[in-house]
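Fold and contact review
Given next are the chains, with one letter for each unit.
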Amino acid sequence: MMATSRKMLDQEPSEIEMLLPFHAAGTLSARDARRVEDALAGDPELARQYAVIREEYAETIRLNESLGAPSVRAMQKLFAAIDGEPVRKPSLSVNLSARISAFFAKLSPRTLAWSASLGAVALLLQAGVIGAVLMKNQTASFQTASLSMNEPSSAPITRDLGVAAAPPRALVRFAPEARIADITALLDTYQASIVDGAKGGMFRLQFGNRAMSKDEAASLLARLQREKIVSLAVATP
Amino acid sequence: MQVLYGRHHVRVFRFGLRLVRDEQVAEDLISEVFLDVWRQAGKFEGRSAVTTWLLAITRFKALSALRRRKDVGLDEEAANAIEDTSDDPEVVAQKKDTGEALRKCLTALSSEHREIVDLVYYHEKSVEEVAGIVGIPENTVKTRLFYARKKLAELLKAAGIERGWP
């Protein structure tokens, strides 16, 4: 098998080789990260280069952290500059509401009272017209919610409370490096939807809209647990 | 603005300082960057992370500040000034401290290489984000980082440190 890395300096680097630093920083998509991991597992030379990159990564962080922080002078200068800026124009929506308020403020109380009365009459007229139209279209028949004893009673009257009747759900914690695009792709793949928010970093996911057998649900959960961007997945009602 | 400043000013300062190599200039940069942000807050489209937007502005301001400096060789002089504060890579290598030598050599990289290394390793920006900040195609981001790393290896080798790559 051809090695993924290149030994000769004058050779162009391979695609995987160029992705190694991004893999070390954890900024690759799940798909690319998997490609890199597969390549690292099968190419010791590439793995050696990755170890070198990890060292560079750590020292770059150490170097930057050693740079310290700016003095208070920078902040004072900034806020003094902001104070010296001309007053900003209000946004369009604020402007519009201000103009509407100003319009009503210009009207006299008598005019306002007349306008309000006119509005009330218009509302009453509108309600009358709608009522008349509804009465005209209504048919004489009506239905009540009743149970016919003549119908075959194959279906139960009450809901089945068995666990198998509901689509399977799981509490899932995503890996810190998981990106929104990866999570969305995972949800698509599993036809899953988030039914409850991130409580303690856990999401409650529902898979599909139909109930699954115990085996099916267990296999789905096992598959989910193997996903790179999933750090924890447990079944939940 | 105070919250935004409080959350990001150190990151902006360090990125700026690595580019301009002058604390005073880097501090002035922060004020300029956040003042721009205050003025153009309405233009932020939310398509990228706030840090990506801030770093792009910082880079632009840093390059403008560097261009304002009259003497072209100042960049190298500043680098030397920084290096003078402690041992040079050869001496460090004699002390068998690879980490310190690595940090020395990271400082000695060209500004083009320094910014890409910092953006990827320290600011943890993805290929797409670096491309957006630096204004180069994504493939160029990958190759530029590769050659920055190769240059780093050459500097380390010159300092007597072999790491088994390239």
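Residues numbered from 1 in each chain as written. Chains lettered and ligands numbered in written order. Predicted model: local features only at pLDDT ≥ 70, side-chain atom pairs only at ≥ 80, totals over all residues.

In this section: the overall build of chain B. Counting its regular elements, chain B contains 9 helices and 0 strands. From first element to last, N terminus to C terminus, chain B shows the α and β order α-α-α-α-α-α-α-α-α. Counting only residues that meet the buried cut, chain B has 40% of its 166 residues in that class. Excluding contacts between residues fewer than 6 apart, the proportion of contacts in chain B whose partners are at least 24 apart in sequence is 65%. (Helix = DSSP H or I, 4+ residues; strand = E, 2+ residues; numbered from the N terminus. Buried ≥ 20, exposed ≤ 12 C-beta atoms within 10 Å, placed from the backbone. Contact = placed C-beta atoms within 7 Å.)

What follows covers the confidence of the model for chain A. Residue and element names in this part refer to chain A. Of all residues in chain A, 69% have pLDDT values of 70 or greater, and the mean over the chain is 75. The weakest mean pLDDT in chain A belongs to helix α5 (residues 92-106) at 52; the strongest belongs to helix α1 (residues 15-25) at 96. Note that pLDDT drops below 50 for residues 140-164; the model gives that stretch 4 contacts with residues more than four away or on any other chain. (pLDDT = per-residue confidence, 0-100.)

We now examine the interface of chain B and chain A. At the interface, 36 residues of chain B touch 32 residues of chain A. Split into classes, the residues belonging to the side of chain B that touches chain A amount to 21 nonpolar, 6 polar and 9 charged. (Nonpolar A, V, L, I, M, F, W, Y, C, P; charged D, E, K, R; others polar.)

On to the packing of helix α1 (residues 2-20) of chain B against helix α3 (residues 50-68) of chain B. All names here are of chain B. As a packed pair, α1 and α3 sit with axes 9 Å apart at the nearest point and diverge in direction by 35°. Crossing angle aside, the handedness with which α1 passes α3 is right-handed. Of the residues in α3, those touching α1 at His8, Arg11, Val12, Phe15, Gly16, Leu19 and Val20 are Thr51, Leu54, Leu55, Thr58, Arg59, Ala62, Ala65 and Leu66. (Axes fitted to C-alpha atoms, helices over the stretch in contact; angles between N-to-C directions. Left-handed = near helix turned anticlockwise from the far one by under 90°.)

Turning to the nonpolar core, a few remarks are in order. Inside soluble globular proteins, nonpolar side chains tend to come together where they are buried. Membership of the largest hydrophobic core comes to 57 residues, with the highest contact counts inside it found for Ile30, Cys105, Ile116, Val117 and Val120 of chain B. Of the residues forming this core, the biggest block, 7 residues, is contributed by helix α9 (residues 138-158) of chain B. Here Ile116 of chain B is in contact with Val130, Val141, Arg144, Leu145 and Ala148 of chain B, once residues within four sequence places are set aside. If you look at the next biggest cluster of nonpolar residues, it comprises 9 residues, including Ala170, Leu205, Phe207 and Leu224 of chain A. (Core = buried A, V, L, I, M, F, W, Y, C linked by C-beta atoms within 7 Å.)

All names here are of chain B. Close contact between helix α6 (residues 98-108) and α9 brings their axes to 9 Å; oriented N to C, the two are set at 125°. On the basis of their axis angle, the class for α6 and α9 is oblique. In this structure, the crossing between α6 and α9 has a hand that is right-handed. Across from Ala101, Leu102, Cys105, Leu106 and Ala108 in α6, the residues of α9 making contact are Leu152, Leu155 and Leu156. Residues belonging to the contact of α6 with α9 are distributed by class as follows: 8 nonpolar, no polar and no charged. (Parallel < 35°, antiparallel > 145°, perpendicular 65-115°, else oblique.)

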